[in-house]
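Analysis of the macromolecular model
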There are 2 protein chains.
Amino acid sequence: MERFREIGLKLTPQRMAILEYLDGNTTHPSAEDIYQHVRKRFPMISFATVYNTLEALRKRGLILELTIDPERKRYDPNIHPHHHLICLKCKSVVDVELDFNITVPEELKGRFEILGNHIEFYGLCEKCSEKGGESDGSV
Amino acid sequence: MERFREIGLKLTPQRMAILEYLDGNTTHPSAEDIYQHVRKRFPMISFATVYNTLEALRKRGLILELTIDPERKRYDPNIHPHHHLICLKCKSVVDVELDFNITVPEELKGRFEILGNHIEFYGLCEKCSEKGGESDGSV
DNA sequence: ACGTTCCATGATAATTATTCTCATTTTTAT
DNA sequence: ATAAAAATGAGAATAATTATCATGGAACGT
Ligand SMILES: [Mn+2]
Ligand SMILES: [Mn+2]
Ligand SMILES: [Zn+2]
Ligand SMILES: [Zn+2]
């Protein structure tokens, strides 16, 4: 929490509230989620500040911006390489902290400088699986 | 091309043009890309028709809607399970038709009904890798 | 504590992708 | 040819995100 100053980020109450909400959060919240939660304790915060803060954190590599949900961006304070499950019905995103040992053939590496990979598993979470899970078929 | 009628899709000139453009296309075009290309031979086509057609095809499982590009949805007529590379700089998307043999532990399967998976590799394509590839760090 | 500099905030407008509405036209089956 | 059903397209509407910019507040050196 203190090291934000060190990376050239001013520590404001708004940012502290956002950081506090993100710290250890595994729900992969959207900007809207973050806004709504922070707003409870900080009613005057603006949406712009949420986006500004998220962008500042992302640029410094302190959070990840996930493109796993077709509707909106989701943010992840867990910056260690890991994978995700997304429920096609309720859109919940769950961490998969497993090493799948993805190795690509040299032939491919020659044509593309691979910097990383991310597996998205899609399916139905426990809750949605029970009561007849109808998804919309998107990937 | 004929089997569209069989699935309850009326065959219009607009749709034929879109289908023709998509057939065998491996560029993973966006709706905008499709619109611009089809427009050349079919100037009066509307954006709504492009979206309508894509949605109709998607609902019937004839194309995939990819969420790999943070900016926009990309469409893929190749519906066989496969993976993708995305260039962080020029956003080009390339197929990876390899089987990586992803097996998830039973423990996880118990808590989530996994219907499929998709690996996205990110990095720099040959063209962008040459001339000092600066990405924006998004995942 | 004070002052200065620079960055952050937030109200609001703008942009962009996508979806919706609905009157009109076209396809397809009879 | 006719009629029913579905598709088209112009445009409005929605939703997520980004941009503007005047004002306020942190940081830091004094
Ligand atoms: Mn995660
Ligand atoms: Mn593909
Ligand atoms: Zn669910
Ligand atoms: Zn590239």
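Rules of the game
Counting of residues starts from 1 at the beginning of each chain's written sequence and follows it residue by residue. Think of it this way: whatever chain is written first is A, whatever ligand is written first is 1, and the rest follow in order. Owing to the predicted nature of the model, reporting of local features is limited to residues with pLDDT of at least 70; listing and counting of side-chain atom pairs is limited to 80 or more, with chain, interface and lining totals taken over all residues. As a convention, hydrogens and water are excluded, and side-chain values are obtained from all of the structure's heavy atoms. Distances are taken per atom, and a residue is near a molecule or strand as soon as one of its heavy atoms is within 4 Å of it. As used in this structure description, the phrase polar contact means that two N or O atoms lie within 3.5 Å; if the pair is within protein, one of them must be able to donate a hydrogen and the other to accept it, and residues adjacent in sequence are counted only when both atoms belong to side chains. Numbering of helices and strands starts at the N terminus; helices are DSSP runs of H or I of at least 4 residues and strands are runs of E of at least 2. Classification used: nonpolar for Ala, Val, Leu, Ile, Met, Phe, Trp, Tyr, Cys and Pro, charged for Asp, Glu, Lys and Arg, polar for all others including Gly. Scored from 0 to 100, pLDDT reflects the predictor's confidence in each residue. When the copies are overlaid, the least-squares fit takes in C-alpha atoms only where the residue has pLDDT of at least 70 in both copies. In this analysis, two residues are considered to be in contact whenever any of their non-hydrogen atoms come within 4.5 Å of each other. Each residue is assigned to one of three classes by its accessible area relative to the maximum for its type, calculated with a 1.4 Å probe on protein chains only: buried under 20%, partly exposed between the two thresholds, exposed over 50%.

1. Side note on the protein's contact with DNA strand C
Taken together, 20 residues lie around DNA strand C, and T12, R15 and S46 of chain A together with Y51 and R72 of chain B are the ones closest in. When the atoms of DNA strand C within 4 Å of the protein are sorted by group, sugar and phosphate make up 80%. Note that a phosphate oxygen of DNA strand C is positioned 2.9 Å from one of the side-chain N or O atoms of T49 of chain A. Between DNA strand C and the protein, one listed contact pairs a phosphate oxygen with a side-chain N or O atom of Y51 of chain B at 2.7 Å. Elements with a minimum of two residues in the surface near DNA strand C: α2 (13–22) and α4 (47–59) of chain A together with α4 (47–59) of chain B. Per-element accounting of the surface near DNA strand C gives the leading share, 3 residues, to α4 of chain A. Class assignment for the residues of the surface near DNA strand C results in 8 nonpolar, 5 polar and 7 charged.

2. Some words on the confidence of the model for chain A
On average, residues of chain A score 91 in pLDDT, and 91% of them are at 70 or above. By mean pLDDT, the top-scoring element of chain A is strand β2 (residues 74–76) of chain A (98), and the lowest-scoring one is helix α1 (residues 3–6) of chain A (74).

3. Structural notes on the relation of the copies chain B and chain A
Look at the two chain copies: a rotation about an axis and a shift along it is all it takes to match them. Least-squares fitting of chain B to chain A yields an RMSD of 0.0 Å, with the superposition described by an axial translation of 0.0 Å and a rotation of 180°. Those values place the two copies in the arrangement expected of a two-fold rotation axis. For chain B, the smallest separation between a C-alpha atom and the rotation axis is recorded for I119 of chain B, amounting to 2.1 Å. Interface residue correspondence from chain B to chain A reaches 100%, placing this contact among same-surface, isologous pairings.

4. Side note on the side chain of R74 of chain B
All names here are of chain B. Mapped onto the elements, R74 comes out in strand β2 (residues 74–76). The buried category is assigned to R74, whose relative accessible area is 8%. A polar contact of 2.5 Å, which involves the side chain of R74, links it to the backbone oxygen of H28. Within the local environment of R74, its side chain forms a polar contact with the backbone oxygen of K91, the two atoms lying 3.0 Å apart. If we skip the residues at most four places from it in the chain, R74 touches T27, H28, P29, S30, L64, E65, L66, D69, K91, S92 and V93.

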